[in-house]
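Each chain is listed here by its residues.
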Amino acid sequence: MTDSMLSKAATMEIPINRNGDTRTLAEDDSLEQVAKLQWSLDEKDLQQVMVSGPNLNETSIVSGGYGGTAEGIIPTSSIKGPAVRYNAQFNRRIPVTGQGSSMQDSRSSSSTTAEEASRGVAVEKLDFMKQWGLNTYKCTKQMIAERFGRGSRTVDLELEAQIEVLRDTKRKYETVLRLARALTNHLYSMVQTQHALGDTFTDLSLKSPELRDEFGYNAETQKLLCKNGETLLGAINFFVSSINTLVNKTMEDTLMTIKMYEAARLEYDAYRADLEELSVGPRDVVNMARIDTAQEQYQIHKDKYERLRSDVTIKLNFLDENKVKVMHKQLLLFHNAISAYFAGNQQQLEQTLKQFNIKLRPPGADKPSWLEEP
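Please read all numbers here as calculations on a predicted model, not as lab measurements.

Draft legend 1. Structural context of the pattern of salt bridges. Applying the stated criterion across every chain, the model contains 14 salt bridges. Across the salt bridge formed by Asp-168 and Arg-171, the nearest N and O atoms sit 3.5 Å from each other. Linking Asp-168 with Arg-171, this pair stays in helix 4 (residues 157–207), spanning three residues, or about one helical turn. Asp-168 sits in the partly exposed class, given a relative accessible area of 30%. Owing to a relative accessible area of 44%, Arg-171 belongs among the partly exposed residues under this scheme. With its nearest N and O atoms 3.0 Å apart, the salt bridge here joins Lys-315 to Asp-253. With Lys-315 in helix 6 (residues 285–343) and Asp-253 in helix 5 (residues 212–280), this pair connects stretches of sequence that are 62 residues apart.

Draft legend 2. Expanded view of helix 7 (residues 346–355). When we look at burial in helix 7, the residues that qualify are Leu-349, Thr-352 and Leu-353. Looking down the long axis of helix 7, one finds its buried residues gathered within 95° of arc, a one-sided arrangement. Of the exposed residues in helix 7, the ones pointing more than 90 degrees away from its buried face are Gln-347 and Lys-354. Of the surrounding elements, those touching the buried residues of helix 7 are helix 5 and helix 6. Between the side-chain oxygen of the N-cap and the backbone nitrogen of Gln-347 there are 3.4 Å, and the N-cap of helix 7 in question is Asn-345. A positive backbone phi angle near 55° is found at Asn-357, which sits one or two residues after helix 7.

Draft legend 3. Structural context of the packing of aromatic side chains. In this structure the tally under the stated criterion is six aromatic pairs. Their ring planes at 40° and their centres at 6.0 Å tell us that Phe-201 and Phe-215 sit as a pair that is tilted. Of this pair, Phe-201 sits in helix 4 while Phe-215 sits in helix 5, placing them 14 residues apart in sequence. Take Phe-201 and Phe-215: they sit in the same class, and that class is buried. Every member of this aromatic cluster is reached through a ring pair, and the members are Tyr-261, Tyr-268, Tyr-298 and Tyr-305.

Draft legend 4. Representation of the nonpolar core in the model. In this structure, Ile-163, Leu-166, Leu-187, Ile-258, Tyr-261, Val-312 and Leu-316 are the most contacted members of the largest nonpolar core, which totals 43 residues. Per-element tally for this core: the top contributor is helix 5, with 18 residues. If near-sequence neighbours (up to four positions away) are discounted, Leu-316 is found in contact with Leu-159, Gln-162, Ile-163, Leu-166, Thr-254 and Ile-258.

Draft legend 5. Looking closely at a nonpolar patch on the surface. A surface patch of nonpolar side chains, about 390 Å² in accessible area, is lined by Phe-128, Met-129 and Trp-132. Relative to the elements of secondary structure, Phe-128 occurs in helix 3 (residues 99–147). When its relative accessible area of 57% is taken as the criterion, Phe-128 is described as exposed.

Draft legend 6. The arrangement of the packing of helix 6 against helix 7 in detail. At their nearest, the axes of helix 6 and helix 7 sit 8 Å apart, and the two run at 160° to each other. Taken together, the axes of helix 6 and helix 7 lie roughly antiparallel to each other. For the pair helix 6 and helix 7, the crossing hand works out as left-handed. For the pair helix 6 and helix 7, contact is made by Leu-332, Leu-333, Asn-336, Ala-337, Ala-340 and Tyr-341 and by Gln-348, Leu-349, Thr-352 and Gln-355, respectively.

Draft legend 7. Molecular detail of the side chain of Asp-269. With respect to the helices, strands and loops of the structure, Asp-269 is situated in helix 5. Looking at Asp-269, the relative accessible area reads 0%, which means it is buried. Within the local environment of Asp-269, its side chain forms a polar contact with the side chain of Thr-154, the two groups lying 2.5 Å apart. Leaving out residues up to four positions away in the same chain, Asp-269 has contacts with Gln-142, Glu-146, Ser-152, Arg-153 and Thr-154.

Draft legend 8. Quick look at the confidence of the model for the protein. When pLDDT is averaged across the protein, the result is 76; 67% of the residues are at 70 or more. The spread of mean pLDDT over the elements of the protein runs between strand 1 (residues 60–62), the lowest at 41, and helix 4, the highest at 94. Across residues 49–99, where pLDDT falls below 50, the model places 44 contacts with residues more than four positions away in sequence or in other chains. Of the regions scoring below 50 in pLDDT, residues 368–374 engages in one contact with residues more than four places distant in sequence or in other chains.

So, how was this worked out
- Residues numbered from 1 in each chain as written.
- Predicted model: local features only at pLDDT ≥ 70, side-chain atom pairs only at ≥ 80, totals over all residues.
- Heavy atoms only, no water.
- Salt bridge = Lys/Arg side-chain N within 4 Å of Asp/Glu carboxyl O.
- Helix = DSSP H or I, 4+ residues; strand = E, 2+ residues; numbered from the N terminus.
- Buried < 20%, exposed > 50% of the residue type's maximum accessible area, 1.4 Å probe, protein only.
- Arc of directions from axis to C-beta.
- Contact = heavy atoms within 4.5 Å.
- Polar contact = N/O pair within 3.5 Å; in protein donor to acceptor, adjacent residues only side chain to side chain.
- Phe/Tyr/Trp six-rings, centres within 6.5 Å; stacked < 30°, edge-to-face > 60°.
- Core = buried A, V, L, I, M, F, W, Y, C linked by side-chain atoms within 4.5 Å.
- Patch = residues over 30% accessible without salt bridge, like charges linked within 9 Å, V, L, I, M, F, W, Y side chains within 5 Å.
- Areas by Shrake-Rupley, 256 points an atom, 1.4 Å probe, with all protein chains shown as cover.
- Axes fitted to C-alpha atoms, helices over the stretch in contact; angles between N-to-C directions.
- Parallel < 35°, antiparallel > 145°, perpendicular 65-115°, else oblique.
- Left-handed = near helix turned anticlockwise from the far one by under 90°.
- pLDDT = per-residue confidence, 0-100.

Here is the structure:
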């Protein structure tokens with residue numbers, strides 16, 4: 001009995017681990033602490049890997065432990081399934097959706113597109129300013145060279161003569177227009193004076209019985225002159241309006257085209273001189289590239305110059321035909337109206353206005369009626 005109890009006690013004092021090895025309890029506790037420490041370190045390493053480690057698609061899973069062969073390596077790119085995130089606090093994996101990353105990608109793509117658009121606009125403006133500055137420099141250089149007699153100038157003698165005639169004609173027509181307006185103002189003042197004088201004579205004829213007939217004759221004469229003056233005033237106003245359209249619209253439009261032609265001529269000569277200067281230089285690679293660029297710009301400005309020269313020639317021809325037709329009609333109107341007025345031929349004066357389809361405005365037509373007044 002005693003031996004059996006001793007054998008049981010001896011048996012109970014011998015610890016048996018999971019491998020069947022006999023070890024002391026102290027060693028077993030130390031191994032358990034080491035395992036816990038190792039587990040905590042693994043959790044910290046896993047958190048670090050999840051935060052700053054490589055992408056899971058670029059890693060691989062090794063089966064068979066550290067001593068496994070290469071056959072046990074499985075690329076994680078072949079593993080399909082939802083992405084997960086490891087939560088070390090609760091010791092579990094949390095699925096990760098792609099909404100946040102897609103929103104970030106869309107924002108980054110939109111900001112990138114806006115930056116590229118703004119950068120493109122800035123580059124276009126910079127290129128435009130660069131080209132404008134270069135063109136201005138070349139044209140200024142050519143203009144100074146022409147004024148000092150150091151540069152050549154493209155001249156079309158026939159076209160230059162027509163342009164000079166047009167400018168001289170415009171100056172003379174402006175003089176005619178200014179004088180015709182002055183005549184209109186004087187005639188209007190005279191008509192107003194005759195109208196007032198006729199009213200005064202009529203009033204005096206009523207208040208002076210002894211001079212009623214004399215005041216009455218003069219009043220009728222002034223009223224007739226006032227009526228003829230208004231008719232003549234309508235004819236001269238039509239003449240002034242037609243001359244003003246011819247001078248300040250038709251001729252001015254042609255002169256604007258001429259200014260564009262002259263600017264194109266200056267640019268053409270500037271790029272032509274630049275090409276000639278480069279052609280004299282050495283024939284290296286850099287200079288040949290510059291010559292090709294200058295040749296291209298020269299051809300562009302040459303085409304522009306020839307196109308505007310053709311436009312100027314066409315407009316000058318049309319202007320001459322139009323000027324002859326307009327002035328023939330207006331000069332005939334002016335002559336017939338003036339002659340009939342100073343001859344006292346009221347019937348011929350009215351017939352002249354009908355001939356040229358001129359309608360007179362009744363007195364006070366410019367003033368609004370009492371119904372239209374506020």
